[in-house]
Each structure stands twice: as structure tokens, then as C-alpha cells.
Amino acid sequence: LSDVDQADRKRVMSICEREWLLGELAGGNEHIEVEFRHGFSPLWLRLEVHMVASKEGRPRTAIIALRNISAEKQRELEYYDEEKKAKHALEEAYDSLNRANQAKSDFLSRMSHDIRTPMNAILGFSTLIDREADNPAHVRDYNRKIATSGQHLLGLINDVLDISKIESGKASLTLAEFDLGDSLAAAESIIAPMARDKGQTFCAEIRSVRHERLIGDETHLNQILLNLLSNA
């Protein structure tokens, strides 16, 4: 037993106890075996006890065999290792699918809110055009604001239609030159009618801007401004 690995020693000792072994054989268990490692080496052995003769219900003759099962055990361990890797890969794929589905839900939930803001502005300006159809100056101004809201809405819709962004939950930035004053004016034109309809006062002042021409993603900048303003 001194050559048996410490982790397996208790199981091997139990099978080697004479009274326990005779009791098992007498009870009808004609084949008893235990697998164990040989010390600290990679060697695996199997101790087998086979009863071949008995008299009046008591075991008379038994064969004890010791087999080297290292190759068999290695294949078994490799099989379990491959099975474990396959299970891990399936779990990762399942988690990735869940994350993608959650990202879609979160993305579409955010976009539904973002889309309503310019859409409400477009509907509001359309109503104003009906009311003031005989005032060309006002109609042209409302048309410009509808076009501004429409351009922002188109940018949002393009994001929604980009499946890769929806699945990853991330929005890629489009870098282009734009005018900061125009962006702020566009946000003001969309928010002002909403504030007016709620009986709120909205005033925008643009002062001391050192650099009006910027490089960045105008659609997402407007999206941030409109979210902050509409939530307020």
C-alpha cells in the first residue's frame, strides 16, 4: 500500500481487508475491483478480485489480478478533457447568444426613445405649416426645421438598420467635419416646440465658441443633446 497514491489509498485498503472482502464475495458480489494511481507516477493500475469457487455459500477460491490500465485511463482522461472543452465552447456560445439578444433589446429600447424626439418635431412643424400656410416666411422656416429633424431621424434609422451594431450593442462613430453652431441650432429647433407644447420656457444661447468647425459624429452628438434635453 505504500506505493499507492495517497488520494486512492483508502479505497484500496478497503478492498484488501479480509473480512470485508469475504463478506462481499459471500453476498454474491463475485467481481470486485478498484482503480488507483501508483505513487506519484502517471501509472494507473486496476486491482480485481474474481471468485471462482465456493462451498456452502462461502468463498473457497478467488483470483486476484493486477492490470496496468494507464493507456485506457489516458484515453478516458482525454475524452473527458475534450468533453469539457466542448461543454465550455457550448456555454460560451450560449452566453454570447444571450448577450447578443440582450444587446438587441437594449439597443432597440434606446433607439425607440431617440426616434420619437425628431418624429414629434416633424409632426409638430407639419401642424404649424397647416395653421400658417398663408405665411410663406414661417412655412419656409418650418420646412427647414422639418428637414433638420428628418436628417437626424435618418441617421438614427441607419443605426437601427445596421445589424452588426444591434448585435454587438455598440455604435461605431462616423468622423466627418460639421458645424457646432448648426448642430446646436438643430437640437434647439427640435426641442423648442416640445417645450412650448408643455408650457415650458426653453432658451438657447450660443456664446464664446472658439472653434465652430469640428470633426466628429454629428448624429451621435445630436442624439446625446436631444436625450438630455428631452429627458429634462
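Residues numbered from 1 in each chain as written. Predicted model: local features only at pLDDT ≥ 70, side-chain atom pairs only at ≥ 80, totals over all residues. Heavy atoms only, no water.

Undergrad: In this structure, what is going on with the packing of aromatic side chains? I would like to understand it.
TA: How two aromatic rings sit relative to each other is set out by the distance from centre to centre and by the angle between their planes. Taken as a whole and judged by the stated rule, the model has two aromatic pairs. Taken together, a centroid distance of 6.0 Å and an interplanar angle of 25° make the contact between Phe125 and Tyr142 stacked. One end of the pair, Phe125, is in helix H3 (residues 70-131); the other, Tyr142, is in helix H4 (residues 136-161), with 17 residues separating them in the sequence. Overall, the relative accessible area of 2% leaves Phe125 in the buried class. Residue classification places Tyr142 among the buried positions, given a relative accessible area of 12%. (Phe/Tyr/Trp six-rings, centres within 6.5 Å; stacked < 30°, edge-to-face > 60°. Helix = DSSP H or I, 4+ residues; strand = E, 2+ residues; numbered from the N terminus. Buried < 20%, exposed > 50% of the residue type's maximum accessible area, 1.4 Å probe, protein only.)

Undergrad: Looking at this structure, I do not really get the sheet that holds strand S3 (residues 58-68). What am I missing?
TA: Two strands in a sheet stick together by hydrogen bonds in their backbones, pointing the same way (parallel) or opposite ways (antiparallel). Taking strand neighbours across the sheet as the criterion, the three strands line up as S1-S2-S3 in an open arrangement whose pairing is antiparallel. Looking along the sheet, the strands with just one partner apiece sit at the ends: strand S1 (31-37) and S3. Here the average twist between neighbouring strands, direction ignored, is 20°. Taken together, the 10 bridges between strand S2 (residues 44-55) and S3 define a ladder with antiparallel strand orientation. Bridge pairing in S3 links Ser54 to Pro59. Packing against the sheet, helix H1 (residues 9-16) makes contact with S1 and S2, and its axis sits at approximately 150° to S1. (Pairing = 2+ DSSP bridges. Axes fitted to C-alpha atoms, helices over the stretch in contact; angles between N-to-C directions. Contact = heavy atoms within 4.5 Å.)

Undergrad: Quick question: what am I supposed to make of the packing of helix H6 (residues 180-197) against helix H7 (residues 218-231) here?
TA: When two helices pack together, their arrangement is given by the angle between their axes and by how far apart the axes lie. It is the contact of H6 with H7, at a shortest axis distance of 10 Å, that shows an interaxial angle of 35°. When the axes of H6 and H7 are compared, the crossing they make is right-handed. Across the interface between the two elements, Leu180, Ser183, Leu184, Ala187, Ile190, Ile191 and Met194 from H6 touch Glu218, Leu221, Asn222, Leu225, Leu226, Leu229 and Ser230 from H7. Classifying every residue of the contact of H6 with H7 by side-chain character gives 10 nonpolar, three polar and one charged. (Left-handed = near helix turned anticlockwise from the far one by under 90°. Nonpolar A, V, L, I, M, F, W, Y, C, P; charged D, E, K, R; others polar.)

Undergrad: I'm lost on the environment of Ile190 in this one. Help?
TA: Along the polypeptide, Ile190 turns up in helix H6. A relative accessible area of 2% means that Ile190 is categorised as buried. The spatial distance from the C-alpha of Ile190 to the C-alpha of Thr117 is 7.5 Å, given a sequence separation of 73 residues. Among residues more than four places away in sequence, those in contact with Ile190 are Thr117, Pro118, Ala121, Ser149 and Leu226.

Undergrad: Sorry if this is basic, but what is going on with H7 here?
TA: End to end, H7 covers 20 Å across 14 residues, agreeing with the expected 20 Å (1.5 Å per residue, within 8%). Among the residues of H7, those classed as buried are His220, Asn222, Gln223 and Leu226. Angular distribution of buried residues about the axis of H7 spans 155°; they occupy a single face of the element. Exposed and facing more than 90 degrees away from the buried side of H7 are Ile224 and Leu228. The backbone nitrogen of Thr219 lies 3.2 Å from a side-chain oxygen of the residue at the head of H7, namely Asp217. (Expected span 1.5 Å × (residues − 1). Arc of directions from axis to C-beta. Polar contact = N/O pair within 3.5 Å; in protein donor to acceptor, adjacent residues only side chain to side chain.)

Undergrad: Teacher, can you tell me more about the environment of Ile224 here?
TA: Along the chain, Ile224 falls in helix H7. You can call Ile224 exposed: its relative accessible area is 52%. Along the sequence, Ile224 and Asp114 sit 110 residues apart, while their C-alpha atoms lie 9.2 Å from each other.

Undergrad: Honestly, the pattern of salt bridges in this entry has me stumped. Any pointers?
TA: Pairs can form between side chains of opposite charge whenever their charged atoms are close. Inspection of every chain in the model, using the stated rule, returns 10 salt bridges. Residue Glu48 pairs with Arg67 through a salt bridge whose shortest N-O separation is 3.2 Å. Of this pair, Glu48 sits in strand S2 while Arg67 is found in strand S3, placing the two residues 19 residues apart along the sequence. Assessed through its relative accessible area of 8%, Glu48 is described here as buried. Using a relative accessible area of 39% as the deciding quantity, one classes Arg67 as partly exposed. Here Asp179 ties to Arg213 by a salt bridge, and the two come within 3.8 Å at their closest N and O atoms. (Salt bridge = Lys/Arg side-chain N within 4 Å of Asp/Glu carboxyl O.)

Undergrad: Teacher, can you tell me more about the side chain of Glu48 here?
TA: A distance of 3.2 Å separates the side chain of Glu48 from the side chain of Arg67, its partner in a polar contact. Leave out the neighbours within four places in its chain, and Glu48 touches His31, Ile32, Glu33, Ile63, Ile64, Ala65 and Arg67.

The quantities given are spatial measurements derived from coordinates; they are silent on function.
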